[in-house]
Every structure is written in C-alpha cells, then in structure tokens.
Amino acid sequence: MDFTNYFLMINEDDPAGTEKAVIAYTLEKTRGMIDWDQATMTAKIPAEHGNINHVCHVEDKKGHSLYIKQAGLETRISKDMTASVDRNRQESEILQIEEKLAPGMVPHIYFYDTVMHACGMEDCSDFEVMRDAMLKHETFPLFADQISTFMVNTLLYTSDVVMDHKEKKELTRKFITPDLDDITEKLVLMEPYLGADRNNVYEPNRTFVEKELYHDDGLHLAVAKLKFNFMTNAQALLHGDLHTGSIFIKPDAMKVFDCEFGTFAPIGYDVGNIIANLIFAYDNGLASGDDAFCDWCLDSIEELTDQFIDKYRAAYDEAVTEPMAKVPGFKEYYLESILKDTAGYAGTELHRRTVGMANVVDVTSIEDQEARLLAERINILAGKEFILKAENFTSGPAFVDAVLRAKDAAEKTLQ
Ligand code: SR1
Ligand code: MG
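Below is a summary of the structure that appears in this document.

On to the sheet that holds strand β8 (residues 247-250). One open sheet holds the three strands; their spatial order is β6-β8-β9, and the pairing between them is antiparallel. The open sheet has two free edges, formed respectively by β6 (128-129) and β9 (253-256), since each of these has just one partner strand. Pairing between β6 and β8: two bridges, direction antiparallel. Following the sheet pairing, Val-129 is matched in β8 by Phe-248. The sheet strands contacting helix α4 (residues 143-155) are β8 and β9, and the helix crosses β9 at an angle near 35°.

Structure follows, in structure tokens:
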C-alpha cells in the first residue's frame with residue numbers, strides 16, 4: 001500500500017478497508033519500534049469518537065497496541081466545516097511538549113506523519129473518557145490535584161513569565177491555527193449570543209435563551225471583550241478544548257488528549273473550560289437526584305481552583321525568569337487576570353454547550369423536560385454571573401456559590 005500521497009484511511013463506512021489500510025500503515029510507521037504479531041493484528045474504529053478527527057485502535061494478541069489518529073479534510077461533525085489537516089502535526093507536537101511539562105499526563109506520541117496527517121498515539125483503552133465515566137456518576141478523588149498540576153505545568157511554563165521570550169515567540173509562530181481558532185471564535189465567542197442557524201436550542205427553553213443570551217446588550221459587550229482577549233492575548237500554549245471528553249481517566253491516573261485546538265491564548269480559557277464541564281456533570285447528577293455525585297462535582301470545582309492558585313504561586317516563585325515579572329505585586333496582578341478570565345470563559349463554555357452547535361450529552365441526555373430546563377437555566381444563569389461579575393471569582397468557593405445561586409434562581413423560573 002502506498003502512503004506517500006494523502007488519503008483518508010480511516011473510513012467509518014468501510015471498516016474492512018480501514019482495517020487493511022491501518023494495519024499496513026501501522027506496520028510501516030512503527031517498523032523497528034514495535035514488534036507486532038502480524039497474524040493477530042486488528043484495527044477497529046471505536047464507537048466513541050470526537051467531533052473532528054478519525055481514530056482507529058490497533059492491537060495484537062501479544063500485548064502491543066496503539067491508536068492511529070488521522071485528520072480528514074472535513075470535520076466529522078459537519079461536511080461544511082473544514083480545518084487544515086496540519087492540525088494533526090500541531091496536536092502531536094503540543095502533546096510532546098506537554099509530555100515534557102507534565103510527564104505521564106498525556107498519551108505518548110510514537111510518530112506523526114505530515115503526509116497522511118496521522119499520528120500513532122499511546123493506547124489508553126484501559127482508561128475511560130471522563131465524560132462517559134461521569135455520565136455513570138463515577139467519581140475521581142484525585143482529579144482536582146491532577147488537573148491543577150497539569151494546568152499549572154503546561155500553562156504557566158509556556159507563558160512569558162517563565163519561557164524565554166524569543167523561544168516563546170518561535171513557538172507562537174509554530175502553533176498559529178487560524179481554522180481551529182476560527183471555530184472557537186464563532187462557536188464559543190459569538191453564536192451563543194448573536195444567534196445562529198446552526199445553534200442547537202432546546203425548544204422548550206427558546207424564550208428563556210432569547211431573553212437571557214440573545215437580547216442582553218451588557219452580556220454581549222462583556223463577551224466581545226472576552227473574544228478580543230482570546231484573539232489577541234497569546235499568554236500561554238493552551239490545550240484549547242479542555243473539556244471532560246478530552247480526558248482519559250481511571251482511579252489512579254489521568255491523561256489529557258485531543259489538543260488539536262491548541263493555540264497561544266489566555267490561560268483562563270483552559271481553566272474555565274474544566275470548571276464549566278464539571279458543572280455539566282453536576283447538572284446530570286442533579287437531574288437524577290444523585291446528591292453524592294453532585295457534591296463531588298462541586299467539591300472538585302472548589303479544590304481544583306484553589307489548588308491551581310496554590311500551585312501557581314509556588315511554581316511562579318520557583319520558575320519565573322522574566323525580571324519585570326519579579327517586581328513585587330506582579331505575581332498577584334497576573335493571577336488576578338487569569339482568574340477573571342477563568343470565570344469569563346467558564347461562562348462562555350457553559351453557554352455554548354447549552355445553546356450552541358456542539359452540545360454536551362451530560363445535558364442533552366436528561367429526558368425529563370423540567371429537569372433539562374433546570375439544567376440549562378443553571379448553565380445560563382451561572383454563566384452570566386461568571387461573565388458579568390468575573391472579578392469576584394478569586395477562589396474555589398466563589399465558583400461553587402455562584403452555581404448554587406444559579407440553581408436557586410433557575411428553580412424560581414420554573415415555579
Ligand atoms: C466543530 S467542532 C465542535 C466542537 O467540538 C470540539 O471538541 C470543540 O469543542 C469544538 O468547538
Ligand atoms: Mg476534541
């Protein structure tokens with residue numbers, strides 16, 4: 001088989017053709033690296049899949065395995081939505097950087113290939129995708145500690161306060177991702193507010209959505225500021241799509257994957273995304289009356305925020321290299337702006353996953369209409385407080401209190 005010209009080798013409509021191509025490709029690309037038992041090799045497309053790329057799980061009966069991930073010319077979610085296939089290189093290189101900064105917290109990349117726009121990635125099938133696990137209301141007591149470490153290590157250490165400025169600017173050039181940024185700038189930072197035909201609004205909630213999101217000028221101004229901050233503040237190398245569907249987890253370990261949206265942007269975008277996605281899990285727990293799970297979600301929000309703050313302060317003192325960043329007061333000034341952004345982007349993630357094109361199953365799987373309305377209104381109202389009063393969110397408990405306030409307010413709208 002010839003892999004010197006690009007073609008989409010992972011095709012969900014042709015599992016047999018996919019298997020043949022992916023096995024041949026894997027053997028070629030991992031020659032001298034993995035001693036495959038060819039007679040027992042299989043290559044299967046997993047049922048779970050993201051919105052953008054194509055994935056295939058390769059294994060043999062002698063314990064060897066990996067994932068092949070390939071970028072298609074179209075995104076999986078929509079034939080009309082395209083993104084440069086170079087995203088596969090970018091994702092691979094970002095994972096390699098993150099592996100150095102947060103060892104063991106991302107899948108290892110065996111190789112990447114800029115012809116087929118594919119990479120070979122460590123098999124994490126002994127983990128679960130965190131969103132799926134949380135849909136079963138599984139809890140992960142180590143998560144707050146793990147994710148706060150991951151974020152401080154990957155974000156603070158790729159910012160100008162730590163990295164050599166010239167090196168950072170070179171990296172910024174390498175990870176300019178116009179197509180993927182464009183998706184975020186539209187899907188997250190515009191369409192949930194201005195309305196778009198491709199928004200997915202739950203019909204029984206439409207009037208509420210129109211009033212609270214489409215017709216609130218103060219909110220629009222605050223989101224416009226967040227959008228321009230995202231577009232122009234190349235603060236650190238982000239994961240760029242740090243939601244619970246981008247995390248593999250098991251009781252004693254966590255690995256962050258799927259960083260094709262990685263870009264230089266405000267640190268708070270990643271931190272805010274994590275907080276918002278734990279609120280979606282909370283919504284789901286609430287809908288089925290699982291108090292213990294809801295408490296774990298809220299505790300995790302509080303702990304990961306506070307641990308992020310503590311670890312940021314400690315790492316800053318240890319790692320800062322920029323002389324002007326050592327000026328007394330700058331460390332706290334920088335942290336304040338990160339936390340303000342965290343609140344703002346937690347708000348935009350809450351809104352876009354509730355009314356935008358890409359919803360989350362934590363909410364859409366709630367069958368009871370009243371429970372789904374409650375979940376959506378919590379997201380909308382908490383998101384608004386995060387965005388409109390962003391400077392108030394300086395600690396973990398502040399985020400939790402806002403969720404509980406939003407719950408009370410949302411319940412009142414349904415009485
Ligand atoms: C067009 S893709 C829709 C969403 O899925 C990805 O995971 C990103 O979150 C993107 O915004
Ligand atoms: Mg993804």
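What follows is about the packing of aromatic side chains. In total, this model carries 16 aromatic pairs according to the counting rule given. Ring plane angle 55° and centroid distance 5.0 Å describe the contact between Phe-230 and Tyr-269, whose orientation is recorded as tilted. Placement of Phe-230 in helix α9 (residues 217-232) and of Tyr-269 in helix α10 (residues 267-287) is noted, with a sequence separation of 39 residues between them. Classification of Phe-230 by relative accessible area gives buried; the value is 5%. Judged by relative accessible area, Tyr-269 falls into the buried class, the value being 1%. Geometrically, the ring pair formed by Tyr-312 and Tyr-316 is tilted, given 5.5 Å between the ring centres and 45° between the ring planes. In this pair, Tyr-312 and Tyr-316 both sit in helix α11 (residues 291-319), four residues apart, roughly one turn of the helix.

If you walk across this open sheet you meet the five strands as β1-β2-β3-β5-β4, and the pairing is antiparallel. At either margin of the open sheet sits one strand with a lone partner, and together these are β1 (42-44) and β4 (109-113). Shown here is a sheet whose adjacent strand axes are inclined to one another by a mean of 20°, direction ignored. Relative to the sheet, helix α1 (residues 15-29) contacts β1, β2 (54-59), β3 (65-70), β4 and β5 (118-122), its axis offset from that of β1 by approximately 120°. Across the face of the sheet, helix α2 (residues 87-101) comes into contact with β3, β4 and β5 while running at roughly 155° to β4.

The rules we used
- Residues numbered from 1 in each chain as written.
- Chains lettered and ligands numbered in written order.
- Predicted model: local features only at pLDDT ≥ 70, side-chain atom pairs only at ≥ 80, totals over all residues.
- Heavy atoms only, no water.
- Pairing = 2+ DSSP bridges.
- Helix = DSSP H or I, 4+ residues; strand = E, 2+ residues; numbered from the N terminus.
- Contact = heavy atoms within 4.5 Å.
- Axes fitted to C-alpha atoms, helices over the stretch in contact; angles between N-to-C directions.
- Phe/Tyr/Trp six-rings, centres within 6.5 Å; stacked < 30°, edge-to-face > 60°.
- Buried < 20%, exposed > 50% of the residue type's maximum accessible area, 1.4 Å probe, protein only.

Read these as geometric descriptors, not functional statements.
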